[in-house]
Amino acid sequence: MRVTEKEQSFCNTSRCVLTKTSYALSQSDTASVKVPELDLELASGTLGGLVTTVEGLITKISENLERVHGFTFGDSLDDRKKSRWQDFRTRLKKLLSVEETWTLIIDDALANSFVAPATDDIKDDHQLTFEEYERSWEQNEELGLNDMDTSAADAAYKSTDANLKEGTDG
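Here's a quick rundown of the structure. Since we're looking at a predicted model, the values are computed, not measured.

1. Describing the packing of aromatic side chains
Step number 1: A complete count under the given rule lists one aromatic pair for this structure.
Step number 2: Judged by centre distance (6.0 Å) and plane angle (25°), the ring pair of Trp85 and Phe88 falls under stacked. One end of the pair, Trp85, and the other, Phe88, are both in helix α2 (residues 79–97), three residues apart, so they sit about a helical turn from each other.

Structure (structure tokens):
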């Protein structure tokens, strides 16, 4: 299952209402996260499982990047790389303030993730898109499903089904 959410702001001259960063979400540890506008892609398992909001997810990503790369971005970093990191941090902060439209994609091969719609009926929330798809061979491989031998379980189910049919027919 892939969940795509378009974040956007609705503004007039007197007030800007930030919408959708308060979406509640449950992201499983099998979900990857993408923000195409930032060229940001986190592989499944990077953040572990989370129950948070979209704002909380982006904040966690930012905090983790700072924690993991904190010493890397010290005084010894050359100016070009430091500038790129500062630019990336600024763009992350813009996401949180919803200054421009952006896309959050949560791709969970086991369909264990969920983003709660902002409306009572999911069909009325036009910023959320849910897409069901067949897992790729690579996704099955990552999950350990390609080498799984289910023949014993299949035989047991067939045996149980046959016994149940005999018991109800007789």
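2. Describing unusual backbone geometry
Step number 1: The phi dihedral of Asp39 is positive, around 55°, even though this residue is not glycine.
Step number 2: Residue position: Asp39 is located in the loop between β5 (31–35) and β6 (40–42).
Step number 3: On the accessibility criterion, Asp39 (73% relative accessible area) is exposed.
Step number 4: Residue Ala111 is not a glycine yet carries a positive backbone phi of 55°.
Step number 5: Looking at where Ala111 falls in the secondary structure, it is placed in the loop between β8 (102–108) and β9 (114–115).

3. Re the pattern of salt bridges
Step number 1: Per the stated rule, a full pass over the model turns up two salt bridges.
Step number 2: The partner of Arg89 in a salt bridge is Glu66, with the nearest N and O atoms 3.3 Å apart. Separated by 23 residues along the polypeptide, Arg89 in helix α2 and Glu66 in helix α1 (residues 54–69) bring together distant segments of the chain.
Step number 3: The class of Arg89 is partly exposed, set by a relative accessible area of 27%.
Step number 4: Overall, Glu66 belongs to the partly exposed group, its relative accessible area being 33%.
Step number 5: One salt bridge in this structure joins Asp87 and Arg91, with 3.7 Å as the shortest N-O distance. Of this pair, Asp87 and Arg91 both sit in helix α2, four residues apart, roughly one helical turn.
Step number 6: Residue classification places Arg91 among the partly exposed positions, given a relative accessible area of 27%.

4. Regarding α2
Step number 1: Helix length check: α2 (19 residues) gives 27 Å between terminal C-alpha atoms against 27 Å at 1.5 Å per residue, within 8%.
Step number 2: All buried positions along α2 are accounted for by Trp85, Phe88, Leu92 and Leu95. Relative to the axis of α2, the buried residues are bounded by an arc of 75° and lie together on one face. Facing away from the buried surface of α2 by more than 90 degrees, the exposed residues are Asp79, Arg80 and Lys93.
Step number 3: Of the residues one or two after α2, Val98 is the one with positive phi, at around 50°.

5. Brief notes about the nonpolar core
Step number 1: The biggest cluster of nonpolar side chains holds 23 residues, and the ones touching the most others in it are Val35, Leu57, Ile61 and Leu104.
Step number 2: For this core, the secondary structure elements donating two or more residues are β5, β6, α1, α2 and β8.
Step number 3: Look past the residues within four positions of Ile61 in its chain and what remains in contact with it is Val33, Leu40, Leu42 and Leu47.

6. Quick word on the sheet that holds strand β7 (residues 50–53)
Step number 1: Spatial strand order, β7-β4-β9: three strands in an open sheet with antiparallel pairing. Bordering the open sheet on either side are β7 and β9, each of which pairs with just one other strand.
Step number 2: The sheet contact formed by strand β4 (residues 24–27) and β7 spans four bridges and is antiparallel. Bridging across to β7, Ala24 finds its partner in Thr53.

Rules used in this analysis
- Residues numbered from 1 in each chain as written.
- Predicted model: local features only at pLDDT ≥ 70, side-chain atom pairs only at ≥ 80, totals over all residues.
- Heavy atoms only, no water.
- Phe/Tyr/Trp six-rings, centres within 6.5 Å; stacked < 30°, edge-to-face > 60°.
- Helix = DSSP H or I, 4+ residues; strand = E, 2+ residues; numbered from the N terminus.
- Buried < 20%, exposed > 50% of the residue type's maximum accessible area, 1.4 Å probe, protein only.
- Salt bridge = Lys/Arg side-chain N within 4 Å of Asp/Glu carboxyl O.
- Expected span 1.5 Å × (residues − 1).
- Arc of directions from axis to C-beta.
- Core = buried A, V, L, I, M, F, W, Y, C linked by side-chain atoms within 4.5 Å.
- Contact = heavy atoms within 4.5 Å.
- Pairing = 2+ DSSP bridges.

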